[in-house]
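Architecture and fold: a report
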Amino acid sequence: MKKKMPLIILAIFLLVAGVVGYFGYNYYIDEKEKTLLEDEMTEIVKYINNDDVDIEKIKEITAEDITTGNRLAVEKALENYIIDMANAIKTSIILLDDQRMTNLLTAANYQSDGPNFISSKNYISETKQKLLQNKESILMLTDTTKVVEYFTNPTDDDYYDEMYKELAIGNGLDMNSIRGFSDSIDSIINLLDVSDETLTFLSQNVGAWQIQNNQIYFTNENLLNTYNSYIAKIK
């Protein structure tokens, strides 16, 4: 019996060493591939800014899998989230850069589309709807609950939930900058609302205003004051 004890101790030692080695190796791979994902995020963010979003380049970066095992689920969820956010931001940029919005209350538009402003009013309605939809998308994608919904953990290990949240929320896009798009949308919606009110006012007072030398003139001061009160609402 005494000879068997060293064998039992050796077997226990080998078992413990094997378990420690297995978990140690998994931890090493987890951290190594997490770093790969952090690097990918850093690269992607370079192609998302206030001026433009290069969707094709982002898709090119995310086309090849850079992780294995349980990390792959994290990678896919992270990339799907980032691409959706990039598309929402790109849509915001396109909408906010539309020069027609800033030309609605100009003498040129008054002459070309007045006095009923049918084209302008249709444009205002359609654009406002697009902006509100885009704002909703932006806000949803900045909500932690929505971000987490992109990831389905293939294991019972909370480690991968935390890895995904840290990468998607802690090391990704600047949430304050993203919310800035929502604030910009609010400003443009205000402009559209004021434009709609002003054009309605002008269409209701046909014959009481005219354009001369690229300026609008009214037949009486009360109408001019009302017109200026609308313009003053622009924030």
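In this report, the structure presented in the accompanying data block is examined. Because the structure is predicted, anything quoted here is derived from the model rather than measured. (Residues numbered from 1 in each chain as written. Predicted model: local features only at pLDDT ≥ 70, side-chain atom pairs only at ≥ 80, totals over all residues. Heavy atoms only, no water.)

1. A closer look at the overall build of the chain
Counted only if it meets this: The numbering of helices and of strands both runs from the N terminus, where a helix is a DSSP run of H or I of at least 4 residues and a strand a run of E of at least 2. Only protein chains enter the area calculation, which uses a 1.4 Å probe; residues under 20% of their type maximum are buried, those over 50% are exposed, and those in between are partly exposed. Here, residues are in contact when the closest pair of their heavy atoms is within 4.5 Å. Method for areas: the Shrake-Rupley scheme with a 1.4 Å probe, in which residue coverage is limited to the protein chains shown.
The number of helices and strands found in the chain is nine helices and two strands. Ordered by position from N to C terminus, the α and β elements of the chain give α-α-α-α-α-α-α-α-β-β-α. Looking at the chain residue by residue over its 235 residues, the buried ones come to 34%. Across the chain, the fraction of contacts at a sequence separation of at least 24, relative to all contacts at a separation of at least 6, is 73%. Summing over all exposed atoms, the chain offers an accessible surface of approximately 13,900 Å²; the carbon and sulfur share of this is 53%.

2. Structural notes on the pairing of strand β1 (residues 209–212)
Keep this limit in mind: Paired strands, in this sense, are two strands between which DSSP finds at least two bridges.
Alternating positions in β1 separate cleanly, W209 and I211 being buried on one face and Q210 and Q212 remaining unburied on the opposite face. Hairpin connection between β1 and strand β2 (residues 215–218): a loop of two residues separates the two successive antiparallel strands, and N213 in this loop has a positive phi of roughly 50°.

3. Quick look at the packing of aromatic side chains
Keep this limit in mind: A pair of Phe, Tyr and Trp rings is counted when the ring centres sit within 6.5 Å of each other, with Trp represented by its six-membered ring. The angle between the planes then sorts it: under 30 degrees is stacked, over 60 is edge-to-face, the rest tilted.
For the structure on display, the rule yields 10 aromatic pairs. Their ring planes at 20° and their centres at 6.2 Å tell us that F117 and W209 sit as a pair that is stacked. One end of the pair, F117, is in the loop between α4 (107–113) and α5 (118–141); the other, W209, is in strand β1, with 92 residues separating them in the sequence. For the pair F117 and W209, one class covers both residues: buried. Ring centres 5.2 Å apart and planes at 15° place the aromatic pair F151 and Y164 in the stacked group. Within this pair, whereas F151 is found in the loop between α6 (144–149) and α7 (158–170), its partner Y164 is found in helix α7, the two being separated by 13 residues in sequence. Residue F151 shares its accessibility class with Y164, and that shared class is buried. Among the aromatic residues, ring-to-ring pairing joins Y110, F117, F201, W209, F218, Y227 and Y230 into one connected group.

4. Regarding the side chain of E75
Quick reminder of the rule: Under the counting rule used here, the positive set is Lys and Arg, the negative set is Asp and Glu, and His together with the chain ends is not counted. By salt bridge we mean one thing: a side-chain nitrogen of Lys or Arg within 4 Å of a carboxyl oxygen of Asp or Glu.
Tracing the chain through its elements places E75 in helix α3 (residues 71–96). At 5.2 Å, K76 is the nearest oppositely charged side chain to E75, a buried residue that forms no salt bridge. When near neighbours in sequence (up to four residues on either side) are disregarded, E75 contacts L37, E40, E64, D65, I66 and T67.

5. Section: the pattern of salt bridges
Where side chains of opposite charge bring their charged atoms close, a pairing between them can arise. The tally for this structure, following the rule as stated, stands at 13 salt bridges. The partner of R71 in a salt bridge is D30, with the nearest N and O atoms 2.9 Å apart. One end of the pair, R71, is in helix α3; the other, D30, is in helix α1 (residues 4–45), and 41 residues separate them in sequence. Among the residues examined, R71 registers a relative accessible area of 7% and is labelled buried. Take D30: its relative accessible area is 6%, and that puts it in the buried class. K165 is the partner of E162 in a salt bridge, and the nearest nitrogen-oxygen pair spans 3.4 Å. In this pair, E162 and K165 both sit in helix α7, three residues apart, roughly one turn of the helix. Salt bridges here are not isolated pairs; linked through shared partners, they connect D30, E33 and R71.

6. So, the environment of D186
Locating D186 in the fold gives a position in helix α8 (residues 175–204). Residue D186 is classed as partly exposed on the basis of its relative accessible area of 33%. Separated by 49 residues in sequence, D186 and K235 place their C-alpha atoms 9.8 Å apart.

7. Some words on the nonpolar core
Put simply, the rule reads: As used in this record, nonpolar core signifies buried Ala, Val, Leu, Ile, Met, Phe, Trp, Tyr and Cys residues forming a set joined through side-chain atoms within 4.5 Å.
One finds V53, V74, Y81, I89 and Y164 to be the most contacted residues of the largest nonpolar core, which totals 30 residues. Considering every element that reaches this core, the biggest residue donor is α3, with 11 residues.

8. Here we look at the packing of helix α2 (residues 55–62) against α3
Any two packed helices are characterised by how steeply their axes cross, that is the angle between the axes, and by the distance between the axes. What counts, and what does not: Structural elements are reduced to axes, namely lines fitted to C-alpha atoms, with helices fitted over the stretch in contact, and the angle between N-to-C directions of any two is expressed from 0 to 180 degrees. By definition in this entry, angles of less than 35 degrees are roughly parallel, angles greater than 145 are roughly antiparallel, angles of 65 to 115 are roughly perpendicular, and the rest are oblique. Residues were grouped as follows: Ala, Val, Leu, Ile, Met, Phe, Trp, Tyr, Cys and Pro as nonpolar; Asp, Glu, Lys and Arg as charged; and all remaining residues, including Gly, as polar.
Running from amino to carboxyl end, α2 crosses α3 at an angle of 175°, the nearest separation of the two axes being 10 Å. Our classification of the angle between α2 and α3 gives roughly antiparallel. Across the interface between the two elements, I55, I58, K59 and T62 from α2 touch E79, I83, A86, N87 and K90 from α3. By residue class, the composition of the contact of α2 with α3 is four nonpolar, two polar and three charged.

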